[in-house]
Amino acid sequence: MGMDVYGKHPANDEGTYFRNNIWWWHPLAGFLTETYPDLTGDCTYWHSNDGDGLDADGAKALAAALQRDLDSGAVAAYAKEREEALAALPMQECGPCEGTGVRTDEVGRRFGMDQPRDPVTGQGGCNGCGGDGKVAPLGADAPFSVENVQEFATFLRSCGGFEIC
Ligand SMILES: [Zn+2]
């Protein structure tokens, strides 16, 4: 599962095709729409495969803004802030063990998860949280990188407009 972005009138190979799997696509699309609302507003469906996109002028304008912010370090600053914000989110109670670190349901008993995890052997304990009783909040591990933004900017520059499929 992923997002395929096709160039409508690519000027070269770089503008033909861009792909992110969904884990990478949503943070990238979120960054674009939050940071550049004026430049991304002509595309309504950034987060689904509806074939929506930007025309040639729109893609070029967004590429220029991205490259400017890549070169200035603004994208790197965003990536760092995002990472820190996600790391600061409170951990959540693990569902399968209800925060206890051991699973006493049928599956848990069958597979020995109803005993606390042995720190030496690593055996036992809830398989949802590794016996900690806590898990990272949903979306906290979704990836985002400066390199991925650069790849998209390179695509945008020569795609001649694009469709998200
Ligand atoms: Zn658990």
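For the structure itself, look to the data block above.
Residues numbered from 1 in each chain as written. Predicted model: local features only at pLDDT ≥ 70, side-chain atom pairs only at ≥ 80, totals over all residues. Heavy atoms only, no water.

Caption draft 1: Structural detail: the overall build of the protein. The secondary structure content of the protein amounts to six helices and five strands. Shown N-terminal to C-terminal, the secondary structure of the protein runs as helices and strands in the order β-β-α-α-α-α-β-α-β-α-β. Relative to the compact-globule value of 15 Å for 165 residues, the protein shows a C-alpha radius of gyration of 21 Å, a clear excess of over 25%. In terms of principal-axis extent, the alpha carbons of the protein reach across some 60 × 30 × 25 Å. Within the span of the protein, comprising 165 residues, buried residues form 38% of the whole. In the protein, once contacts between residues fewer than 6 apart in sequence are set aside, the share between residues at least 24 apart is 65%. Of the roughly 9,400 Å² of accessible surface on the protein, a fraction of 51% belongs to carbon and sulfur atoms. Taking the 12 positively charged and 26 negatively charged side chains of the protein as two groups, their mean positions are separated by 5 Å. (Helix = DSSP H or I, 4+ residues; strand = E, 2+ residues; numbered from the N terminus. Rg over C-alpha atoms; globule rule 2.2 N^0.38 Å. Buried < 20%, exposed > 50% of the residue type's maximum accessible area, 1.4 Å probe, protein only. Contact = heavy atoms within 4.5 Å. Areas by Shrake-Rupley, 256 points an atom, 1.4 Å probe, with all protein chains shown as cover. Lys, Arg positive; Asp, Glu negative; His and termini not counted. Charge placed at Lys NZ, Arg CZ, Asp CG, Glu CD.)

Caption draft 2: Highlighting the coordination of the zinc ion. Here the zinc ion is held by C94 (SG), C97 (SG), C126 (SG) and C129 (SG), and the distances to it run 2.3 Å. For the zinc ion, the four donor atoms are set out with angles of 106 to 112° between them, so the coordination reads as tetrahedral. Since its relative accessible area comes to 4%, C97 is described here as buried. Owing to a relative accessible area of 0%, C126 belongs among the buried residues under this scheme. (Donors = N, O, S within 2.8 Å, 3.2 Å for Na, K, Ca; no water. Tetrahedral: all angles 85-135°; square planar, octahedral: opposite > 155°, others 65-115°.)

Caption draft 3: A look at helix α3 (residues 56-72). Given a rise of 1.5 Å per residue, 17 residues ought to cover 24 Å, and the 24 Å separating the end C-alpha atoms of α3 matches this to within 8%. Listing the buried residues of α3 in full gives G58, A59, L62, A63, A65, L66, Q67, D69 and L70. Close packing links the buried residues of α3 with α1 (22-35), α2 (37-40), α4 (74-88), α6 (146-159) and β5 (162-164). (Expected span 1.5 Å × (residues − 1).)

Caption draft 4: Examining the sheet that holds strand β2 (residues 17-21) more closely. One open sheet accounts for three strands, arranged β2-β1-β5; its pairing is antiparallel. Edge positions in the sheet fall to β2 and β5, since each of these pairs with one other strand and no more. Strand after strand, the sheet turns through a mean of 15° between neighbouring axes, direction not considered. Sheet topology places strand β1 (residues 2-7) next to β5; three bridges connect them, and they run antiparallel. Paired with V5 across the two strands is I164, which belongs to β5. The strands touched by α6 are β1, β2 and β5; relative to β2, the strand with the most contacts, the crossing angle is about 150°. (Pairing = 2+ DSSP bridges. Axes fitted to C-alpha atoms, helices over the stretch in contact; angles between N-to-C directions.)

Interpretation note: all reported values are geometric properties and have no functional meaning in isolation.
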